[in-house]
Amino acid sequence: LALFTESFDLMGDGSMVVLPTPGHLPGAVSILVRLSGGPPLLLVGDLTYGEELLEQDRTPATGDTKVLLESFAKVRALKETTPDLIIPPSHDLQAADKLEQYAPDANLAELS
């Protein structure tokens with residue numbers, strides 16, 4: 001988490017950490033979820049519409065492009081240091097498949 005100058009440990013045990021990822025909206029955050037027995041999960045919300053867009057520095061049509069690119073770089077650096085990190089953006093059509101990797105026993109069909 002070194003590139004993130006701020007963070008907030010929601011539970012006090014490192015299992016849910018709020019990270020600032022502004023750009024789409026001022027003050028936007030992502031939540032890093034780390035539970036035993038599974039890979040870490042980064043809930044980025046509307047930071048990007050798809051993980052491949054994040055990897056290609058392709059920003060959404062709204063927001064501050066410069067700030068978005070700074071947040072993108074931080075998320076990519078986290079992914080580099082945490083290769084098993086799952087990133088399911090809110091509008092990613094593959095989000096359910098990515099969440100299936102996180103919780104294979106959950107019935108995600110009920111959520112769609």
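None of the values given here were measured: they were computed from a predicted structure.

Cut-offs used in this document
Residue positions within a chain follow its written sequence, with the count starting from 1. Thresholds applied to this predicted model are a pLDDT of at least 70 for local features of residues and 80 or more for the giving and counting of side-chain atom pairs; totals over whole chains, interfaces and linings are not thresholded and use all residues. Note: side-chain values were computed over all heavy atoms of the structure, leaving out hydrogens and water. Helix and strand assignments follow DSSP, with helices taken as H or I runs no shorter than four residues and strands as E runs no shorter than two, numbered in order from the N terminus. A contact between two residues is defined here by any heavy atoms of the two lying within 4.5 Å. Here the Shrake-Rupley method, with its probe set to 1.4 Å, supplies the accessible areas, and only the displayed protein chains count as covering residues. Confidence scores per residue from the predictor, reported as pLDDT, run from 0 to 100. Here the term buried applies to any residue with accessible area under 20% of the maximum for its type, exposed to any over 50%, and partly exposed to those in between, with areas from a 1.4 Å probe on protein chains only. What makes two strands pair is DSSP finding at least two bridges between them. What is meant by a nonpolar core is a set of buried Ala, Val, Leu, Ile, Met, Phe, Trp, Tyr and Cys residues, joined one to another through side-chain atoms within 4.5 Å.

Asks: Help me get a handle on the overall build of the protein, residues and values and all.
Replies: Secondary structure assignment for the protein yields three helices and four strands. Relative to all contacts within the protein whose residues are 6 or more apart in sequence, the contacts with residues 24 or more apart total 42%. In the structure as shown, the protein presents an accessible area of about 6,600 Å², 57% of it carried by carbon and sulfur atoms.

Asks: Tell me what's going on with the environment of Leu1, and back it up with residues and numbers.
Replies: Within the element layout of this structure, Leu1 appears in the segment before β1 (8–9). The spatial distance from the C-alpha of Leu1 to the C-alpha of Thr82 is 9.9 Å, given a sequence separation of 81 residues. Ignoring sequence-local partners within four residues, the contact set of Leu1 consists of Val17, Leu19, Leu32, Arg34 and Leu78.

Asks: Account for the confidence of the model for the protein, naming residues and giving values.
Replies: Fine structural detail should not be taken from predicted coordinates in areas where pLDDT scores are low. Summary statistics for the protein give a mean pLDDT of 85 and a share of 89% for residues scoring 70 or more. Segment residues 107–112 is flagged for pLDDT under 50; beyond a separation of four residues in sequence, or across chains, it makes three contacts in the model.

Asks: Just give me the short version of unusual backbone geometry, but keep the residues and values in it.
Replies: Here Asp57, not a glycine, exhibits a phi torsion of approximately 60°, which is positive. When you line up the elements, Asp57 lands in the loop between α1 (51–55) and α2 (65–81). What makes Asp57 partly exposed here is its relative accessible area of 36%.

Asks: Please give an account of the sheet that holds β1 that cites residues and values.
Replies: Two pairing modes exist for strands in a sheet, parallel and antiparallel, and in both the strands are linked by backbone hydrogen bonds. If you trace the four strands from one edge of the open sheet to the other, you get β1-β2-β3-β4, paired in antiparallel fashion. Whereas interior strands pair on both sides, the edge strands pair on one side only; in this sheet they are β1 and β4 (41–43). Pairing analysis gives three bridges linking strand β3 (residues 29–33) to β4, with the strands arranged antiparallel. Residue pairing in the sheet places Leu32 in a bridge with Leu42 of β4.

Asks: Describe the nonpolar core, naming the residues involved and giving the relevant values.
Replies: By size, the foremost hydrophobic cluster in this structure holds 14 residues, and its most contacted members are Leu19, Leu42, Leu47 and Val75. With sequence-adjacent residues up to four places away left out, Leu19 is seen in contact with Leu1, Phe4, Glu6, Ser7, Ala28, Val29, Ser30, Leu32, Leu42 and Leu78.

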